[in-house]
Each structure stands twice: as structure tokens, then as C-alpha cells.
Amino acid sequence: MLKSFLLGAVTLIAILGVISISLPRQIHLQRDIIINAPADVAYEQLSDLRNWPNWLPGHHIDTGKSLSYAGPPIGARYNWTSQRRGIGQGIVTIVAAEPPSRLVTNLEFEEDDKAHSTFVLEETEEGTKLTWHFDKYMGDNPVRKFSGLLIDSTVGEEFEDGLENIKKEVEARYVLSDK
């Protein structure tokens, strides 16, 4: 009985290992939203990291976190530490900026977990289209590669919430500035 169980477990692990070889090492998540304000107003919200706690998923509702900011526009850093599950510790660093159309950041999370985000702003007839790209290297670890398959369903909703929060912040500021 135990021998059959062990043989089954080893077979399952082998099958999952073989399947993981075909899984992507890199994941990409992308969401967009239309903002009723010019691109430069939306870009201002994104490029000032002191605004990020107002819209970053989970951060705007976590009152117990500690924050710090440092640096010039390129190289600016936003550090956070939170006791809230799912937020933890992290650092966002602006690594490239093309006002008012593109902002690129590196993200570092706990346990050397790193990712890359790019925000692209494009003027359209409907308003400013803001697209949030998220790229992460999952490596060769089968467990990480399988978890990458779930990223769209687990993190995608948070990105949509973040974009909705950015939209609210930008549109409120734009209205207050009398356009």
C-alpha cells in the first residue's frame, strides 16, 4: 500500500515536472483604463511616488504601514513595510521616465522577489488611456512557474482596482484645478 502511494506520488511529481518545462519563465499582466484628464495630469499622479499609497492596491486602506521616499525623479524610491497579509515589505524604484507618456519601475518584494512595471499613457478621443504592464521572471522553479499561471486571476483584479483608484485621484485633481 505504502509502496503504491510512493510510486503514485513520484509519478505525479515527475509528470508535473515535465509539464513545467513547457510553462513560460516570464509572465506578463496588462490592464488599462480611460481617464478623463490630459496625459500630463495623469503622469503627475504616477511619477510622484508620494501619491502611490493613495491608489496602489491594498496600500490606500492599510493605515498601519510605514513608508519612506527618497531620490530624484529617476531613481526615486518608495519603501513600505506592512503587517497586512499580501502587502508585506517592498520597494518601488523609478528607472525610466518619458513625461507624459511612459514611466518604468522596478519592484522588489520580500525574499528577493522582483518584477517590472511600465505605465503607458496615450491621448485618445475618449480621454487618456493608461495601460499598466507587469512583467516578472519566474525562473525554472516548477512551483513558481505553475503559480505564474494564476497571476492574471489573482493579481489582475488588484490592478483593475489600482487603475480605478488612479482614475478617481486624477479626475478629482483635474476637476479641482478647473481644467
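You'll find the structure just up there.
Below you will find a few notes about this structure. (Residues numbered from 1 in each chain as written. Predicted model: local features only at pLDDT ≥ 70, side-chain atom pairs only at ≥ 80, totals over all residues. Heavy atoms only, no water.)

**Things to note about the environment of Thr118**
- Mapping Thr118 onto the fold places it in strand 6 (residues 113-123).
- Distance in space between the C-alpha atoms of Thr118 and Thr131 is 8.0 Å, their sequence separation being 13 residues.
- Apart from residues lying up to four places away in sequence, Thr118 is in contact with Arg102, Leu103, Val104, Thr131, Trp132 and His133. (Helix = DSSP H or I, 4+ residues; strand = E, 2+ residues; numbered from the N terminus. Contact = heavy atoms within 4.5 Å.)

**Some points on the environment of Glu171**
- Here Glu171 shows up in helix 4 (residues 151-176).
- Glu171 gets classed as buried once you look at its relative accessible area, which sits at 18%.
- Along the backbone, Glu171 and Pro38 are 133 residues apart, and their C-alpha atoms lie at a distance of 9.5 Å.
- In terms of polar contacts, Glu171 uses its side chain to reach the side chain of Lys167, at 2.9 Å. (Buried < 20%, exposed > 50% of the residue type's maximum accessible area, 1.4 Å probe, protein only. Polar contact = N/O pair within 3.5 Å; in protein donor to acceptor, adjacent residues only side chain to side chain.)

**Section: the pairing of strand 6**
- In the sheet, strand 5 (residues 102-109) pairs with strand 6 via eight bridges, with the strands oriented antiparallel. Within strand 6, the residue paired with Asn106 across the bridge is His116.
- Pairing of strand 6 with strand 7 (residues 128-137), which is carried by eight bridges, proceeds in the antiparallel orientation. Residue pairing in the sheet places Glu122 in a bridge with Lys129 of strand 7.
- Joining the antiparallel neighbours strand 6 and strand 7 is a turn of four residues, in which Gly127 adopts a positive phi near 145 degrees. (Pairing = 2+ DSSP bridges.)

**Digging into the pattern of salt bridges**
- According to the stated counting rule, one finds six salt bridges in the structure shown.
- Between Arg31 and Asp152 there is a salt bridge; the shortest N-O distance is 3.1 Å. Of this pair, Arg31 sits in strand 1 (residues 26-35) while Asp152 sits in helix 4, placing them 121 residues apart in sequence.
- On the basis of relative accessibility, which here comes to 41%, the residue Asp152 falls in the partly exposed class. (Salt bridge = Lys/Arg side-chain N within 4 Å of Asp/Glu carboxyl O.)

**Observations regarding the packing of aromatic side chains**
- Tallying each qualifying case throughout the model produces nine aromatic pairs.
- With a centroid separation of 3.9 Å and an interplanar angle of 25 degrees, the aromatic rings of Trp132 and Phe159 are classed as stacked. Of this pair, Trp132 sits in strand 7 while Phe159 sits in helix 4, and the two are 27 residues apart along the sequence. In this pair, the class of Trp132 matches that of Phe159, namely buried. (Phe/Tyr/Trp six-rings, centres within 6.5 Å; stacked < 30°, edge-to-face > 60°.)

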